[in-house]
Number of protein chains: 2
Amino acid sequence: MIGAIEAGGTKFVCAVTEDGEKILDKVMIATTTPAETLQKVVAFFDCFSIHAIGIGSFGPIDVNKDSPHYGYITSTPKVGWDYFNFIGSIREKYKVHVAWTTDVNASAYGEYHKGAARDVSSCLYLTVGTGIGGGAIINGNILEGFSHPEMGHILVRKNKQDLFKGICPYHEDCLEGLASGPAIEARYGVTATTLYNRKDVWELIADYLAQAIFTYTLALRVEKVIIGGGVMNHTNLYIMIRQKFKQLMNDYISTPNLEEYIVAPALNDEQALIGCFLLAQDLLNKN
Amino acid sequence: MIGAIEAGGTKFVCAVTEDGEKILDKVMIATTTPAETLQKVVAFFDCFSIHAIGIGSFGPIDVNKDSPHYGYITSTPKVGWDYFNFIGSIREKYKVHVAWTTDVNASAYGEYHKGAARDVSSCLYLTVGTGIGGGAIINGNILEGFSHPEMGHILVRKNKQDLFKGICPYHEDCLEGLASGPAIEARYGVTATTLYNRKDVWELIADYLAQAIFTYTLALRVEKVIIGGGVMNHTNLYIMIRQKFKQLMNDYISTPNLEEYIVAPALNDEQALIGCFLLAQDLLNKN
């Protein structure tokens, strides 16, 4: 059996599979301290005979195999998790292969192989929720260089009607600072769901997301951009983003048909788990 | 012997090598009509016994091997070159393997293997001259998805002191519209060289380039950013860009030491030719 850990800042989801795709059992665990959270993770996996585990973690994380901190969550502001040795804690309990990447990379990998991007050779997975993050798969490989991307913090141009300062502690009004769920709630002083019928709100968010996808498109030229995360539950956003993307691009370069280029995920919140299964399976096949 | 064609919008440079690195002979040809230009290219290569040719071309070009227009320059505004079958024209004369990519991808490949990035596993090559373009190498592979990147046209935030509208015919004030050589000359009404001592000018250009490198860094996480092109001859620009990049990043993510991260090319205007040699050699080795 293969295990998966989708390690988020607010909750962990652990799951097991036999065939790398179908989830046999699953548990959700609130993210508290590392010790308490990992204890519950282990309690779950102890019920199965696991041969490999894939982890898709909140970041920043160290993905450099030559680094002494490979397998660690690094400089997170999340109390207790700063330089937490994630792979080490798992290996202490289970002598199995552990695949390790970011949550968004795992989601991108899942959608690439089994979801919205299964028929193309490259994709970007963007999540717009509590934070904004992105991961890309190019010809089957996760895009990583010196470290993993941090696409949520790119600069966008402030919309002239938007007087909100932004909430990113590092960059104030970067993409995440302006368009994440908490940014929307801080801007209007209410929860995002109560804004459902405020067209001006979603036009603004679509403007920022379209700018970002314009930039990713020029830099990466992937064949598909998949956008998930809680903010995207306002499904009209996809249509608005496509319209604004088209205006920005102004026919400068060709892209796939926009209805097929900028799309929703196909794997119903299971893309990260499935990506983790596949990455763990890749490791097993290699070893 | 191996041939290389660096095909630019104003000039072509053709060269030959035996060892894939040392240029044995080289010619420069003004870019006029395709027929006239190619005639001179052929006149040069006819003097040698060539086994493979690498082409690094101005764009946009079709790099999709499954496309009917693979090997073509596509929708360029350059008169006569629109949908020019570049590989076809070369193959008509020489029955050899032809490697095909953009000029900036070829430069990135050259610097990656033999130049400033020879000791790292990923790099971005950015040229800032008549236009702005970028190419990236990740773990030895040219970054390409649906097509090649067009990094020069990403959005940057307008500096509040800058009243210039921008000159990009597609996006007006994208990076290329604000910071390319022609943008500098249009903004100040004089040639860029006469502005050498105008610190305000280079601070402004450094602002835009630092913003762009911030974005590429978050999206790609390469280990090295190499900036070439005529505008970079003002060597203080590297120092200014590093300073502004550091302010923008605000310690959000780690990068290599900035003196080693944002650097000048190491191959003296030969990076594209050397990249073309290497790509042609790769093809020979594979076949």
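Computed from a predicted structure; not experimentally measured.

Visitor: How would you explain the pattern of salt bridges if you had to name every residue and give the values?
Guide: All names here are of chain A. Enumeration according to the criterion identifies 16 salt bridges over all chains in this entry. In this structure, glutamate 21 and lysine 114 form a salt bridge, with 3.3 Å as the shortest nitrogen-oxygen distance. Here lysine 114 lies in helix 3 (residues 103–114) and glutamate 21 lies in the loop between strand 2 (11–17) and strand 3 (23–30), a separation of 93 residues in the sequence. For lysine 114, a relative accessible area of 30% puts it in the partly exposed group. One continuous salt-bridge network, built from bridges that share partners, spans Lys199, Glu203 and Lys244.

Visitor: Give a detailed account of the environment of glycine 275 of chain A, specifying residues and quantitative values.
Guide: All names here are of chain A. Within the secondary structure, glycine 275 sits in helix 9 (residues 271–286). For glycine 275, a relative accessible area of 0% puts it in the buried group. Here glycine 275 is in contact with Ala106, Tyr109 and Gly110, once residues within four sequence places are set aside.

Visitor: So what's going on with the packing of helix 3 (residues 103–114) of chain B against helix 9 (residues 271–286) of chain B? Residues and values would help.
Guide: Residues and elements named next belong to chain B. Where helix 3 meets helix 9, the axes come as close as 7 Å, and the angle between the chain directions of the two elements is 85°. As summarised for this structure, helix 3 and helix 9 are arranged roughly perpendicular, according to the angle between their axes. Counted together, Asp103, Ala106, Ser107, Tyr109, Gly110, Glu111, His113 and Lys114 of helix 3 and Gln271, Ala272, Ile274, Gly275, Cys276, Leu278, Leu279 and Asp282 of helix 9 form the full contact between these two elements.

Visitor: Tell me about the relation of the copies chain B and chain A, and please be specific about residues and values.
Guide: Between chain B and chain A, the superposition needs a rotation of 180° and an axial shift of 0.0 Å, giving an RMSD of 0.0 Å. Look at the turn and shift together and you get a two-fold axis relating the two. No C-alpha of chain B lies nearer the rotation axis than that of arginine 157 of chain B, which sits 2.8 Å from it. With an isologous cut-off of 70% or more, the 100% of interface residues of chain B that recur at the interface of chain A puts this contact in the isologous class.

Visitor: Lay out the domain arrangement of chain A with the relevant residues and their values.
Guide: Residues and elements named next belong to chain A. One can read the domain layout of chain A as domain 1 (2–103 + 268–286) and domain 2 (116–263). When each unit is reduced to the centre of its C-alpha atoms, the spacing between domain 1 and domain 2 is 26 Å. Summed over both sides, the interface between domain 1 and domain 2 buries roughly 610 Å², with carbon and sulfur atoms accounting for 57% of that surface. There are zero salt bridges connecting domain 1 and domain 2. Where domain 1 packs against domain 2, one counts one residue pair in polar contact (both at pLDDT 80 or more). Of all the secondary structure elements, the ones that give two or more residues to the side of domain 1 that touches domain 2 are strand 7 (97–102) and helix 9.

Visitor: Got a sec to walk through the confidence of the model for chain A? Specific residues and values, please.
Guide: For chain A, per-residue confidence averages 96 on the pLDDT scale, and 100% of positions sit at 70 or higher. For this predicted complex, the interface score ipTM comes out at 0.93, alongside a pTM of 0.95.

Cut-offs used in this document
- Residues numbered from 1 in each chain as written.
- Chains lettered and ligands numbered in written order.
- Predicted model: local features only at pLDDT ≥ 70, side-chain atom pairs only at ≥ 80, totals over all residues.
- Heavy atoms only, no water.
- Salt bridge = Lys/Arg side-chain N within 4 Å of Asp/Glu carboxyl O.
- Helix = DSSP H or I, 4+ residues; strand = E, 2+ residues; numbered from the N terminus.
- Buried < 20%, exposed > 50% of the residue type's maximum accessible area, 1.4 Å probe, protein only.
- Contact = heavy atoms within 4.5 Å.
- Axes fitted to C-alpha atoms, helices over the stretch in contact; angles between N-to-C directions.
- Parallel < 35°, antiparallel > 145°, perpendicular 65-115°, else oblique.
- Least-squares fit on C-alpha atoms with pLDDT ≥ 70 in both.
- Domains from an automatic or database assignment.
- Buried area = accessible area lost by both parts, 1.4 Å probe.
- Polar contact = N/O pair within 3.5 Å; in protein donor to acceptor, adjacent residues only side chain to side chain.
- pLDDT = per-residue confidence, 0-100.

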